[in-house]
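# Structural overview for review
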Amino acid sequence: MARIMVAEDDRHIARVIALWLQRAGHVVITVFDGRSALEMMRQDRPDLLLTDVNMPGMDGLDLLETVQSEGLLTHPAIVLTSRCDQMDIEARAGRLGAVVHPKPFSPLHLKEAVEAALGAGAPVGGVEFQTPPKQQLTPA
Amino acid sequence: MRWRLKSWVHKTGEEIAPWVGLSLGLLYLVAVVGMGLAAVHVQRAELNAQHRSGLQRWSWWLAQNVGRVRGDSPQAAGREIRRAGREPGVAFCATVSSAGVFTTHSDPAKIGKPAPKLITDGEDGAVQLARDPNRQNETVFVVRLPAAKGETAEELWVAAAPPPFSWRNSDLVFWLGHVLLAVMILFLIAYRSLRRAVQPLAVIRRRLMGCEQPLADRLVALRLNDSFDEISTSWNRLIEFVSQMQEELRRSRLATDVTAAMDGYRSERLTGILMQIPFGVLVVEREGAIAFANRAAAGMLGSSVENIEGVDIGQFFEEGLRLSLLADNKAARSGHGSIGRWTDHTFRRAHGDITLRFWSVSGSESGDEHILFIQDVTQAKEAERARDHFLYHVTHELRTPLTNIRAYAETLSQGVLDDEQTIRECYNVIMGETQRLNRLVEDILNVSQLEVGTARLEVGAVQLDKLLRGVVQDVQGSADSKNIDLVLSLPAKVPQLRGDKERLAVVLTNLVGNAVKYTPSGGRIDVRCTADGSRARITVTDTGIGIRPEDQEKIFEKFFRVDDERVSALPGTGLGLAIVKETVRLHGGAVFVESTPGKGSTFTVVLPSLSLEGETTADGGQAASDGSAAASTRSGGN
């Protein structure tokens with residue numbers, strides 16, 4: 001069981017992720033924007049951060065940067081994105097030790113990715129961080 | 001005979017001056033008369049000589065005769081002398097005694113008178129030639145009379161008078177007359193033939209004298225109309241030849257002139273075209289000086305055609321660009337002037353950046369000249385950016401409902417849910433997201449149709465009240481979820497429209513939907529409809545975030561979204577208002593916005609309306625038929 005912070009502005013997506021992770025036995029804290037996520041994390045450090053990129057107020061990557069710099073992460077974060085400039089996001093997220101999942105995603109694969117991330121140790125910040133193999137996570 | 005005379009006179013008068021003919025005639029006459037007189041003179045001299053010779057011999061014979069008879073009968077001798085004195089050609093005849101006295105004389109008055117002293121001219125045998133000094137033209141033949149014994153010595157004198165000459169008797173006149181006639185005829189013949197020979201020359205001379213400058217144009221006027229002889233024919237042939245040559249020359253000169261003019265025109269025209277084309281053309285010399293720039297090129301470089309010539313290119317291009325264009329040029333030269341490669345460069349300008357695309361080719365074999373073709377790709381780049389922006393948003397917007405559909409469908413298919421409520425919720429989400437996706441696709445389709453101008457209106461009667469109620473009803477759910485008061489106010493008489501019901505529904509849905517989207521919770525939205533003469537006016541007023549004045553125009557542009565996090569956080573393609581504007585425009589109406597940031601916005605749509613009276617039933621019928629048409633279309637589609 002882990003405590004997972006889900007930051008996603010689309011309520012339906014947040015709902016379905018929560019549904020799956022809760023069924024896997026995790027505790028899910030759902031927020032709909034980056035700033036709320038940051039505040040919540042500062043108060044109560046979760047085990048894992050799963051965030052969307054495009055969110056009102058503060059976007060997912062800014063959030064990731066901040067929490068990384070504040071040392072609030074214990075496991076590699078998971079970033080969801082539907083944006084076209086996926087390569088840039090992957091590069092930036094990679095430097096922050098996060099794994100990027102493009103939308104649309106498979107909830108099952110996302111759940112497995114969450115478990116894989118929880119299985120891994122604390123994320124190593126910086127460019128030398130090795131991004132976990134993607135094919136395992138991408139939908140079939 | 002008459003025309004001959006006339007032609008003679010005429011032609012003589014015309015071709016040869018009269019005094020020339022007259023003088024020539026006189027000259028001939030004088031010559032002929034002179035020759036005649038000379039002939040007469042010669043004949044007379046001959047006659048004279050013969051006469052004297054005869055008289056000399058006759059004198060001797062007379063002396064013998066007189067000498068023989070004088071002894072017998074001095075009277076007979078005297079008779080003989082007198083008779084002899086009467087002979088033609090004899091002036092007088094006499095005998096002179098040795099004392100120098102006339103003893104007998106043909107003129108009896110002279111007998112006994114002293115004889116004049118004669119001058120002796122010579123002697124011919126027994127006859128002595130002498131002359132009386134007082135009568136020089138008389139030759140006196142002196143013969144000594146034979147004397148018998150006892151007779152006195154006497155001399156016989158016979159004076160020769162000039163021989164008688166009679167014109168009448170002479171056939172000289174006859175011959176002279178014939179000769180004169182012959183000469184006159186010959187003269188006339190000669191004159192005529194001379195005239196014939198001279199006439200063409202005279203005409204030529206006269207025509208030449210009459211011809212003033214420019215002779216070249218009137219060469220044909222020098223032609224001789226009547227071909228008199230070889231001279232005329234040759235002259236005409238010459239004139240013909242020269243005018244032919246002249247014509248050929250004129251034609252060739254004209255052709256040359258025309259060609260030159262055409263060349264000039266062509267080159268001028270081409271330069272004109274080169275100047276006008278919206279594509280920049282720049283000719284740069286090896287040293288970098290601009291040899292030619294058309295208007296577009298000068299404009300793109302921020303200069304003018306008048307000022308740019310001779311200016312160094314370095315004034316416009318930084319060194320890096322200059323070198324790259326020259327390097328490209330070398331490559332282009334080796335590649336036989338291919339202009340496949342280009343260089344884009346963005347220049348900072350006061351009124352905004354411009355991006356220019358350069359193609360560089362070699363202008364000459366030696367590479368002394370570079371030709372730069374310049375295209376202003378600022379707008380193309382802008383369009384590219386807009387398209388990228390659009391695609392960026394579209395894919396993002398498409399992915400969101402797709403993500404939901406996939407996630408929820410997978411959730412259902414995995415059978416991980418057991419409570420009925422959640423399963424229904426999942427189905428609802430899938431349905432909702434499918435509709436969202438559908439709307440999005442329709443928006444994109446609408447925009448692309450409006451963009452390429454293929455959008456067609458399915459025009460029919462539109463009941464505006466029904467339409468507005470339907471739109472408000474559709475949006476009501478989302479308004480309620482944000483606790484927004486959505487109020488629709490309709491007048492007693494709602495204007496009827498002619499238009500595309502579906503597209504107008506999209507217009508109104510977009511406007512009311514936007515109002516709901518950008519109005520914070522607890523706000524209010526008023527949808528009003530008023531009839532304004534022949535126009536229907538629909539206003540949508542919200543208490544939303546408002547629009548900055550500088551954005552109020554731009555929000556109707558395709559893909560534009562206000563750069564505000566309150567906007568970017570909300571889904572949207574930036575197409576809604578572009579669709580509104582274009583659709584309203586197609587209906588002959590207009591859309592306006594008034595807004596105060598932070599307080600709210602009012603969108604006003606004005607559409608042309610139909611008159612209300614007596615159309616209600618017809619409209620109802622039409623609406624029904626519209627409905628059936630739609631139904632049949634649908635069934636046909638299936």
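Residues numbered from 1 in each chain as written. Chains lettered and ligands numbered in written order. Predicted model: local features only at pLDDT ≥ 70, side-chain atom pairs only at ≥ 80, totals over all residues. Heavy atoms only, no water.

Let's shift gears to the pattern of salt bridges. Counting across every chain of the model gives 27 salt bridges over all chains. With a shortest N-O distance of 3.9 Å, Arg469 of chain B and Asp465 of chain B are connected by a salt bridge. Taken as a pair, Arg469 of chain B and Asp465 of chain B lie in helix α11 (residues 464-481) at a separation of 4 residues, close to a single helical turn. Its salt-bridge partner being Arg503 of chain B, residue Asp500 of chain B comes within 3.6 Å of it at the nearest N-O pair. Taken together, the shared-partner salt bridges in this structure form one network comprising Glu8, Asp52 and Lys103 of chain A. (Salt bridge = Lys/Arg side-chain N within 4 Å of Asp/Glu carboxyl O. Helix = DSSP H or I, 4+ residues; strand = E, 2+ residues; numbered from the N terminus.)

All right, on to empty space enclosed by the protein then. Residues and elements named next belong to chain A. Inspection of every chain in the model, using the stated rule, returns 2 cavities of 30 Å³ or more. Lining the second largest cavity we find Val16, Ile17, Trp20, Leu21, Phe105, Pro107, Leu110 and Lys111. Put simply, the parts of the chain that give the lining of the second largest cavity at least two residues each are α1 (11-23) and α5 (107-119). Class assignment of the residues belonging to the lining of the second largest cavity gives a composition of 7 nonpolar, no polar and 1 charged. (1 Å grid on protein atoms, 1.4 Å probe; cavity = no way out; pocket = protein on both sides within 12 Å on 5 of 7 lines; lining within 4 Å. Points joined across faces, edges and corners; volume = space filled by probe spheres on them. Nonpolar A, V, L, I, M, F, W, Y, C, P; charged D, E, K, R; others polar.)

Further remarks concern the layout of surface pockets. Residue and element names in this part refer to chain B. There is about 320 Å³ of room inside the second largest pocket. Considering the residues around the second largest pocket, the lining is formed by 17 residues, among which Val96, Gly100, Lys117, Glu155 and Trp157 are closest to the centre. Every element with two or more residues in the lining of the second largest pocket is listed here: β1 (90-97), β4 (127-132), β5 (135-144) and β6 (154-160). With 3 residues, β6 is the single largest residue contributor to the lining of the second largest pocket. Residues that form the lining of the second largest pocket fall into these classes: 8 nonpolar, 5 polar and 4 charged.

With that settled, the discussion passes to the packing of α11 of chain B against helix α12 (residues 501-517) of chain B. All names here are of chain B. Close contact between α11 and α12 brings their axes to 9 Å; oriented N to C, the two are set at 35 degrees. Considering how the two elements wind past one another, α11 and α12 form a crossing that is right-handed. Contact with α11, carried on its side by Leu467, Leu468, Val471, Val475, Ser478 and Ala479, involves Lys501, Leu504, Ala505, Leu508, Thr509, Val512, Gly513 and Val516 of α12 and no other residues of that element. Split into classes, the residues belonging to the contact of α11 with α12 amount to 10 nonpolar, 3 polar and 1 charged. (Axes fitted to C-alpha atoms, helices over the stretch in contact; angles between N-to-C directions. Left-handed = near helix turned anticlockwise from the far one by under 90°. Contact = heavy atoms within 4.5 Å.)

Right, let's get into the sheet that holds strand β3 (residues 119-124) of chain B. Within a sheet, each strand pairs with its neighbour through backbone hydrogen bonds, oriented either parallel or antiparallel. All names here are of chain B. Read across the sheet, 6 strands follow the order β2-β1-β6-β5-β4-β3 without closing on themselves; strand pairing throughout is antiparallel. Of all the strands in the sheet, just β2 (102-105) and β3 have a single pairing partner and so form its edges. Neighbour to neighbour, the strand axes of the sheet diverge by 25 degrees on average, direction disregarded. Bridge count between β1 and β2: 3 bridges; the pairing is antiparallel. From the neighbouring strand, Val96 faces β2, where its bridge partner is Phe102. (Pairing = 2+ DSSP bridges.)

Residue and element names in this part refer to chain A. If you walk across this open sheet you meet the 5 strands as β2-β1-β3-β4-β5, and the pairing is parallel. Only two strands of the sheet have a single partner each, and these edge strands are β2 (27-31) and β5 (99-102). Looking at each pair of strands side by side, their axes are set apart by 20 degrees on average, direction ignored. Where strand β1 (residues 3-7) meets β2, 5 bridges bridge the pair, whose relative direction is parallel.

Across the boundary between the two partners, chain A contributes 25 residues, which contact 25 residues of chain B. Of the roughly 2,200 Å² buried at the junction of chain A and chain B (both faces included), carbon and sulfur atoms supply 56%. Looking at the side of chain A facing chain B, the largest losses of area belong to His12, Ser82 and Pro104 of chain A, adding up to 22% of the total buried there. If you look at where chain A meets chain B, you find 2 salt bridges. Where chain A meets chain B, there are 9 residue pairs in polar contact (both at pLDDT 80 or more). Counting only elements with at least two residues in the side of chain A that touches chain B, the list comes to α1 and α5 of chain A. For the side of chain A that touches chain B, the element with the highest residue contribution is α1 of chain A, accounting for 7 residues. (Buried area = accessible area lost by both parts, 1.4 Å probe. Polar contact = N/O pair within 3.5 Å; in protein donor to acceptor, adjacent residues only side chain to side chain.)

All names here are of chain B. Residue-level pLDDT values for chain B average 80, and 86% of them are 70 or greater. Ignoring residues within four places in sequence, the model shows residues 1-14, a span with pLDDT below 50, making 14 contacts including any to other chains. Counting contacts from residues 613-638, a segment whose pLDDT is below 50, to residues more than four positions away or on other chains yields 10 contacts. Here the complex is predicted with pTM 0.49, and the ipTM for its interfaces comes to 0.84. (pLDDT = per-residue confidence, 0-100.)

Take the packing of aromatic side chains next. To describe a pair of aromatic rings, you give the distance between the ring centres and the angle between the ring planes. All names here are of chain B. Under the criterion given, the structure shown has 10 aromatic pairs over all chains. Aromatic side chains Phe92 and Phe102 sit 6.4 Å apart centroid to centroid with 85 degrees between the ring planes, which places their arrangement in the edge-to-face category. A residue pair is termed long-range when its members are at least 10 positions apart, and Phe92 in strand β1 and Phe102 in strand β2 qualify at 10 residues. An identical accessibility class is assigned to Phe92 and Phe102; each is buried. Ring centres of Phe317 and Phe347 lie 6.2 Å apart, and the angle between their planes is 40 degrees; on these two criteria the pair is classed as tilted. (Phe/Tyr/Trp six-rings, centres within 6.5 Å; stacked < 30°, edge-to-face > 60°. Buried < 20%, exposed > 50% of the residue type's maximum accessible area, 1.4 Å probe, protein only.)

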